[in-house]
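Each chain, written out:
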Amino acid sequence: MAALGMMNHLALTLSDLKTSETVFYQPVLEFLGYRKLEDGEEMTLWWSERVGAAVNLWQADPELASIRHQRYAPGFHHFAFSAENREQVDRLHDRLREIGAKVLDPPADYPYMPGYYAVFFADPDGLKFEFVYIPQTRPLVA
């Protein structure tokens, strides 16, 4: 059952859908427990039964595909996926290195709250992601 405010889906537009999906999103999303449900030319849909949420990947309009993402311009800054433990963070970091993904900040304890342990990384378009373990259940605003 969905909870009020819970993520339903994350939709991302990519400069090269097929390449980004093959070299980055497929290995990362599969690690996180997502499986591909739809595979179109313009959009693919990945679903996690466990969290009840989807990630939609869209092909950018060819006239706009060369515009680079700017993290500090209005719009998407980053998205954080939850880990169940520190070991999962370390294992995803290993997977990111295996696939040649850009690791922005390696797994470490960060001062956002006690026990905050995360890895930060970017997709081929420069979209920033985080995989974080927080032992407490209190909400985080970062």
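You'll find the structure just up there.
Counting starts from 1 at the beginning of each chain's written sequence and moves along it residue by residue. In keeping with the predicted nature of the model, local features appear solely for residues at pLDDT of at least 70, side-chain atom pairs appear and are counted solely at 80 or more, and the whole-chain, interface and lining totals rest on all residues. Side-chain measures were taken over the full set of non-hydrogen atoms in the model, leaving aside hydrogen atoms and water.

A.B. asks: When you look at the layout of surface pockets in this model, what are you seeing that I'm missing?
C.D. replies: Space left empty within the atom packing is revealed by a probe, the size of a water molecule, rolled over the atoms. In this analysis, the protein atoms alone were mapped onto a 1 Å grid. Cavities are point sets where a 1.4 Å probe fits without being able to get out; pockets are open sets with protein on both sides within 12 Å along at least five of seven lines; lining residues have an atom within 4 Å of a point. Grid points are joined across faces, edges and corners, and a volume is the space filled by probe spheres set on the points. One number sums up the size of the second largest pocket: a volume of about 220 Å³. As for the second largest pocket, its lining consists of Thr13, Leu14, Ser15, Ala60, Asp61, Leu64, Ala65, Ile67, Arg68, His69, Asp125 and Leu127. Residues that form the lining of the second largest pocket fall into these classes: 6 nonpolar, 3 polar and 3 charged. Any residue that is not Ala, Val, Leu, Ile, Met, Phe, Trp, Tyr, Cys, Pro, Asp, Glu, Lys or Arg is counted as polar, Gly included; the first ten are nonpolar and the last four charged.

A.B. asks: How should the pattern of salt bridges be read in this particular structure?
C.D. replies: When the charged atoms of two side chains lie near each other, side chains of opposite charge can form a pair. Salt bridge, as applied in this entry: a Lys or Arg side-chain nitrogen positioned within 4 Å of an Asp or Glu carboxyl oxygen. Applying the stated criterion to the full structure yields 7 salt bridges. A salt bridge links Lys36 to Asp39; its shortest N-O distance comes to 3.5 Å. Only protein chains enter the accessibility calculation, which uses a 1.4 Å probe; a residue is then buried when its area is under 20% of its type maximum, exposed when over 50%, and partly exposed in between. Residue classification places Asp39 among the exposed residues on the basis of a relative accessible area of 52%. For Arg50, the salt bridge goes to Glu84, with nearest N and O atoms at 2.1 Å.

A.B. asks: Looking at this model, I keep getting lost on the sheet that holds strand E1 (residues 9-14). Mind explaining?
C.D. replies: The pairing of strands in a sheet happens through backbone hydrogen bonds and is either parallel or antiparallel. Within the open sheet, the 4 strands sit side by side as E1-E4-E3-E2. Their pairing is mixed. Each edge of the open sheet is held by one strand with a lone partner, namely E1 and strand E2 (35-39). Shown here is a sheet whose adjacent strand axes are inclined to one another by a mean of 20°, direction ignored. Pairing of E2 with strand E3 (residues 43-48), which is carried by 4 bridges, proceeds in the antiparallel orientation. Residue pairing across strands places Arg35 opposite Trp47, the latter belonging to E3. Following DSSP output, two strands are said to pair if at least two bridges run between them. Strands are runs of DSSP state E lasting at least two residues, helices are runs of H or I lasting at least four, and both sets are numbered from the N terminus onward. Every angle, taken between N-to-C directions, lies between 0 and 180 degrees, and every axis is a line fitted to C-alpha atoms, over only the stretch in contact when it is a helix.

A.B. asks: Before we go on, may I ask you to explain helix H1 (residues 17-31) in this structure?
C.D. replies: A turn of α-helix holds 3.6 residues, and therefore any two residues three or four places apart point the same way. To obtain the bend at a residue, axes are fitted to the seven residues ending there and to the seven starting there, and the angle between these axes is taken. The largest bend in H1 comes to about 50°, at Tyr25, with the proline Pro27 one to four residues further on. All of the buried residues in H1 are Leu17, Ser20, Glu21, Phe24, Tyr25, Pro27, Val28 and Leu29. Looking one or two residues beyond H1, the residue adopting positive phi is Gly33, at roughly 95°.

A.B. asks: Before we go on, may I ask you to explain the sheet that holds strand E8 (residues 128-133) in this structure?
C.D. replies: Pairing in this open sheet of 4 strands is mixed, and the strands run E5-E8-E7-E6 from one edge to the other. Both edges of this open sheet fall to strand E5 (78-82) and strand E6 (102-109), since each of them pairs with a single strand only. Geometrically, the sheet is characterised by an average inter-axis angle of 15° between neighbouring strands, direction not taken into account. As defined by bridge partners, E6 adjoins strand E7 (residues 117-122) across 5 bridges and the pair is classed as antiparallel. Within E7, the residue paired with Ala108 across the bridge is Ala118. Against the sheet, helix H2 (residues 86-99) contacts E6, E7 and E8, and its axis sits at roughly 25° relative to E7. Working rule for contacts: check all heavy atoms of both residues, and any pair within 4.5 Å makes them a contact.

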